[in-house]
Structures are given as C-alpha cells and as structure tokens.
Amino acid sequence: MPQGRRKIPFSGKAKKEQIKAKKQSKDSFQKKPFLLKKDEDIDEASVNVEKINFQPTKGSGSKPNRYALQFFKESAEDIKRQKEIARHTLELKDEKDLEVDGNQFFDKVLDFPKRPPWDYSLEKTQLEAQEQRYFTEYVKGIQEKFDWKELSLFELNIETWRQLWRVIEMSDVILFIVDIRFAALMFPPSLYDYVTNELKKDFILVINKIDLAPASLVVAWKHYFQEKFPNLHIVMFTTLPYYNLIGKQSNISGLQIRRRRGRMRMAAEGAQQILDICKKLTESKVDLTSWQNKIKTEMDIEYDDEDEKVNVEEVIHLKNVDTEYFQYEKFNKGILTIGCVGQPNVGKSSLLNALMGKKVVSVSKTPGHTKHFQTIFLTPNVKLCDCPGLVFPSKIPKPLQVLMGSFPIAQLRQPYTTIKYIAERIDLVSLLKIDHPTNDDTWSAMDVCDGWAKKKGFYTAKAARLDSYRAANSLLRMALDGKICLSLRPQGYTERKEFWSFHPDIEVVKWIQGKHSGAEPNIEENIYESDISDEYLPDERPEVETNSNEDSTSEDEEIETTANKFAALGSDI
C-alpha cells in the first residue's frame, strides 16, 4: 500500500453542500454593489451596479470579467411597478409617435468619458490610476446633476471605455455605425464634436441594416444627418445585400423572413462607398489601389454556394500589446487606419466580415461579445480596428434600449414594458395571429405574451402555466432580428412621406441593397404561417452559447424545419 496520508471519505451529501456553498458565494459576489473609488483616502461613492455576462473566475491570474458589461441596477420596486403597467390596456399610438429627434435624448451636460491628459513620464500604474480617478469623478458628476431614473443604462466599466480611447487615438478615420431602425438614438453628438472639433479627425457615419427599412426612410435619415451634422461623411450599408440571401425572401403579414447563404460575399456596393470617401480624405497619401481592385474583382466574380476557408493570419489581435503609450502619426507608414465604433448590436463585426467578403471576426447578438479591440488588415495599406460596443450616456427610455440591443435580452428582469411599447405601435395581435388567453376584447402587454406562449406551447415546467416570460423573450428576439420590424422616423417624415418615396436617392439605396444584379434566388419555396420560427439567420449570428435565464430548450427544437414540412406535405406543394 502506498505511503502517505489516507484520503478522507467524501459523501454525496457533502458534495452537494459544497456545490451549494460555491453557488451562494458566486451569487453574493455578483449582487454586491460595485464601489467606484475616487481615492484610497477619500470617502467612497457607492453605486448599485448590475454586472452582465458574469463568468466564474478560474485561477488567481484569470480575469474573465474585466470587460463585463456594467449598468445601473433597477430596484425591486421599479420592477414591480413596471410589471403592473404591463397589465394595463394597450393604448394604440399614431405613426407620428415614431418620429424622434436625437437631440432630445443626448444632453450636452452628459457628454461622454474622454481620456484625461497624459504624458510619457507617467508609469502604467500611475496612468491607470489617473484614468480611474477621472472616470469616478465623471460618474459622480452625473449622480449630482441627474436622477439615475431619468437616465438610460450606460456603460460603467472603465475597461471598456479604455478600448474606445485607444481606438480613437490610433485611428485616422472614425467609422461610426448605427442601425437604421434607431439611427438618431445610436448617434451621440458629443462623440462627433470631440472627434471632428478637438481631434480634427474625419468622421464617417455608416447607416447599417438598410435592408430592414423602406428605401424612403433610409433616404430621410441620410438627409437628417446631413442637415444636423455638416461635417459627416455618410454611407448607407447592409451586410445582407440581395445576393447574400438564398431562397424567396418573404414578408408574411409584416413578419420579415430572410435566409442567408452559407457562404457570404463582400458587400461590394457599400464597400465602394467607403472607399470613395477614403480616397477623398487621404488625398493620394495612401495607396488604395489594392482595395479598389479587391472590390472590382468581387463584383466581377460569379460564386457558387461553397464556403471559403478563412485565412486566420489576416486577423491580428492586439490584446497583449501595450497601447497605453501609443503615439499617433497620421497615415503612419503609408497605412490608413479606420476605427469602427458604435453601440452594441449595430453590426460592427458583421460589417468587417462583409468588407472582407468572409468571416474574420466572430459575431453575436449578445451585447458585450467583442471584449477587446482587434485589428484586421483589409489590404496591406488599409487597417480596420474593431472597438467593443459601447452604450453612451443618454436619456433613452429603457424599452427602446432593449429594442436597440443595448441590453442582453436573456438577462432582462422585466421584459413586458418593452412588449407594451411594441404592441402600441405595431398590431402584434394581427401580425402574430394570436388569440386572447381569456377571450377578452381588450389586450394588454401581458395578454400578448400569454397569447404567444399559448400559440408556441410555452409552459412552465412544474405548474404548467403559460410561460409569459419566455414568450416575451421570444418576441424581443424576433424584434432584434428584424422579423418584427419597428423603425423610428425623423421628425416630419410622416407629412413628407410621398416626397421621400420619389426621392432620386431611392435608386442608390436599391443599388446598395444589391437589387441591381437581377439575379433571382436559386431556390423556389413557399412560406407558410407555420414557418415563422427562429431558423431565420440574422446578420449577427451567435457563434457561442451564452448564459440565459430562459428555459434551456431552444425554440428551434420545437419547430419543424421548412424542409421537413415540404416532405410531409408531399404533393400539396
């Protein structure tokens, strides 16, 4: 028998108690209020902060939560009050209610956290301490001037803001991306003023996902930004042009069904717009010939459906590079550096993949998926820098922030007020073809959720009651993906809708959407009401499993695929 200490018996009951203790320890750490420290010798200002996408720590040197999303946490009383509001009868809104002006949501006093002045005499620890003090003062200033309840959720993790500071410093041109559906709410004027007026750098606005809005609305938003921000260079873009989709793209009673090809192509029309602007900005100081040839070649090639292997050597991650002391030099070594910035879920990583014509960075619908900025060489002379999505300080209502994708749907404590916002502006009852759960004539947000749960078969595991929470999450995911498409409008759009419908720029929008090619989809298929499922592939397709508060059973597992239905219908098709 080997010598040594005898192993102590460990029963199954003891093991369960150990696991329970670990879980309680983790939960207590996650729920503990986050302390923003101004200085070790100064009183602490405590702010109740909710940490999103929290991951367990593995080992003493592991820091998986360094870039975790951090937002102000709503109180239990607020959650209870919002749930009661969701039970009130829906009040249908006029189309004009969707008209917004971005200035009403971005107070000049809010601004955004900027990197404080620094010099090379500071050590790394001193530099980080200085930045931490500045950020603490910034948050304390907001606390003193505003009530947290009137503000939107915004990023409270200084590590994520540092990523923005580094990207802005090292970039020659800032490429700011917004979602066409919430364009004005995603564009912070303070960042535009800082980049163009203080840093004297060029600012390109990319209005992305234009395939999710009418062409007239795309043109209206373009002119809205041109009038309010004259120094902007505006690009209309979609990562899913017509030729990147497969099959007959349908609109069933307002529900948009799109299917993406297995192998994506470069969004050449949008890329050509960005190239043309960069040519003007560089004034021949950077050789962009290889980029132009890349786009021209892409437009001339005919593709089959085979997937292309990704050359991973084209992706350069700067995670271990010391960027605190980066010294900016315009067009350094003849290279144009373009910084891609935007709020979560606007499609930054998808845009990079569309410019490359293949997958070079992973994408996800979960906010905070991109943790650290990364660079990709589009050509030897053009470098793209992908910044993590940042939620800027504003006064945007929480329901709109959820629809914008700024907050992870799976971790919502109360999704029903967002459903109420949608249902008062879109006829979800007719759109989803649902029946009232209690056969009443009036509808509330909770009734819509229960009706959808009944139709989809969402029931709780033990009591077998309608799972309204899961139904609400399902509807919010459909809205985020673009199946249920709610788009805000610029002020005055409703009165001038006919003007925008016949505007000359309409043809430009159609060209960018890839509808000029005349290529018809290569699969003919019928779409039935029962096909409304999560098999639709959005432009930001998750690559990894993420933690969820929902039932672990996916909606896809409960719905037959289109192919199976065709086989079952047989000669009826």
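Residues numbered from 1 in each chain as written. Predicted model: local features only at pLDDT ≥ 70, side-chain atom pairs only at ≥ 80, totals over all residues. Heavy atoms only, no water.

Draft legend 1. Focus on the overall build of the chain. Of the regular secondary structure elements, the chain holds 17 helices and 15 strands. Classification of the 573 residues of the chain by burial places 54% in the buried group. Restricting the contact set of the chain to residue pairs at least 6 apart, pairs at least 24 apart contribute 77%. (Helix = DSSP H or I, 4+ residues; strand = E, 2+ residues; numbered from the N terminus. Buried < 20%, exposed > 50% of the residue type's maximum accessible area, 1.4 Å probe, protein only. Contact = heavy atoms within 4.5 Å.)

Draft legend 2. Region of interest: the confidence of the model for the chain. Residues of the chain with pLDDT of at least 70 account for 69%, and the chain-wide mean is 75. Predicted confidence for residues 303-322 stays below pLDDT 50, and this span has 30 contacts to residues more than four positions away or in other chains. Counting contacts from residues 517-573, a segment whose pLDDT is below 50, to residues more than four positions away or on other chains yields 111 contacts. (pLDDT = per-residue confidence, 0-100.)

Draft legend 3. Representation of helix α2 (residues 76-85) within the structure. Inspection of α2 places Asp78, Ile79 and Gln82 among the buried residues, and these make up the whole buried set. With its buried residues spanning 100 degrees around the axis, α2 presents them on a single face. Away from its buried face by more than 90 degrees, α2 exposes Ala76, Glu77 and Lys80. Against the buried residues of α2 lie α11 (416-423). (Arc of directions from axis to C-beta.)

Draft legend 4. Up close: the state of the cysteines. Enumeration according to the criterion identifies zero disulfides in this entry. Not part of a disulfide, Cys385 finds its nearest cysteine sulfur in Cys387, a span of 7.6 Å. (Disulfide = S-S within 2.5 Å.)

Draft legend 5. Spatial organisation of the packing of α11 against helix α13 (residues 445-456). Across the interface, α11 lies against α13 with an axial gap of 8 Å and an inter-helix angle of 95 degrees. When the interaxial angle is binned, α11 and α13 end up roughly perpendicular. Residue-level contacts link Tyr416, Ile419 and Lys420 of α11 to Ala445, Met446, Val448 and Cys449 of α13. In terms of residue class, the contact of α11 with α13 is made up of six nonpolar, no polar and one charged. (Axes fitted to C-alpha atoms, helices over the stretch in contact; angles between N-to-C directions. Parallel < 35°, antiparallel > 145°, perpendicular 65-115°, else oblique. Nonpolar A, V, L, I, M, F, W, Y, C, P; charged D, E, K, R; others polar.)

Draft legend 6. Representation of the packing of aromatic side chains within the structure. In total, this model carries 19 aromatic pairs according to the counting rule given. Both rings, one in Trp161 and one in Phe392, keep their centres 5.4 Å apart while their planes meet at 90 degrees; by these two values the pair is edge-to-face. Here Trp161 is found in helix α4 (residues 158-170), whereas its partner Phe392 is found in the loop between β14 (382-386) and α10 (398-404), with 231 residues between them in sequence. Among the aromatic residues, ring-to-ring pairing joins Phe112, Trp161, Phe176, Phe187, Tyr192, Tyr194, Phe203, Trp221, Tyr224, Phe225, Phe229 and Phe392 into one connected group. Seen from the ring of Tyr421, Arg425 lies directly overhead, with NZ or CZ sitting 3.6 Å from the centre. The ring centre of Phe499 lies 4.2 Å from the NZ or CZ of Arg496, which sits over that ring. (Phe/Tyr/Trp six-rings, centres within 6.5 Å; stacked < 30°, edge-to-face > 60°. Lys NZ or Arg CZ within 6 Å of the ring centre and 35° of its normal.)

Draft legend 7. Structural detail: unusual backbone geometry. The phi angle at Phe331 is positive, at roughly 50 degrees, despite the residue not being glycine. Mapped onto the elements, Phe331 comes out in the loop between β11 (315-317) and β12 (336-342). On the basis of relative accessible area, Phe331 is assigned to the buried category, the value being 11%. The backbone phi angle of Lys333 is positive, close to 55 degrees, even though this residue is not glycine. Note that Lys333 resides in the loop between β11 and β12. Overall, the relative accessible area of 74% leaves Lys333 in the exposed class.

Draft legend 8. Fine view of the pattern of salt bridges. Tallying each qualifying case throughout the model produces 19 salt bridges. Between Arg115 and Glu169 there is a salt bridge, with the nearest N and O atoms lying 2.8 Å from each other. In this pair, Arg115 sits in the loop between β5 (99-100) and α3 (124-145) while Glu169 sits in helix α4, placing the two residues 54 residues apart along the sequence. Its salt-bridge partner being Arg162, residue Glu131 comes within 2.7 Å of it at the nearest N-O pair. Of the two residues, Glu131 sits in helix α3 while Arg162 sits in helix α4, which places them 31 residues apart along the sequence. Each member of the pair, Glu131 as well as Arg162, is classed as buried. Shared partners join several salt bridges into a network, and the residues in it are Arg115, Glu131, Glu159, Arg162, Arg166 and Glu169. (Salt bridge = Lys/Arg side-chain N within 4 Å of Asp/Glu carboxyl O.)

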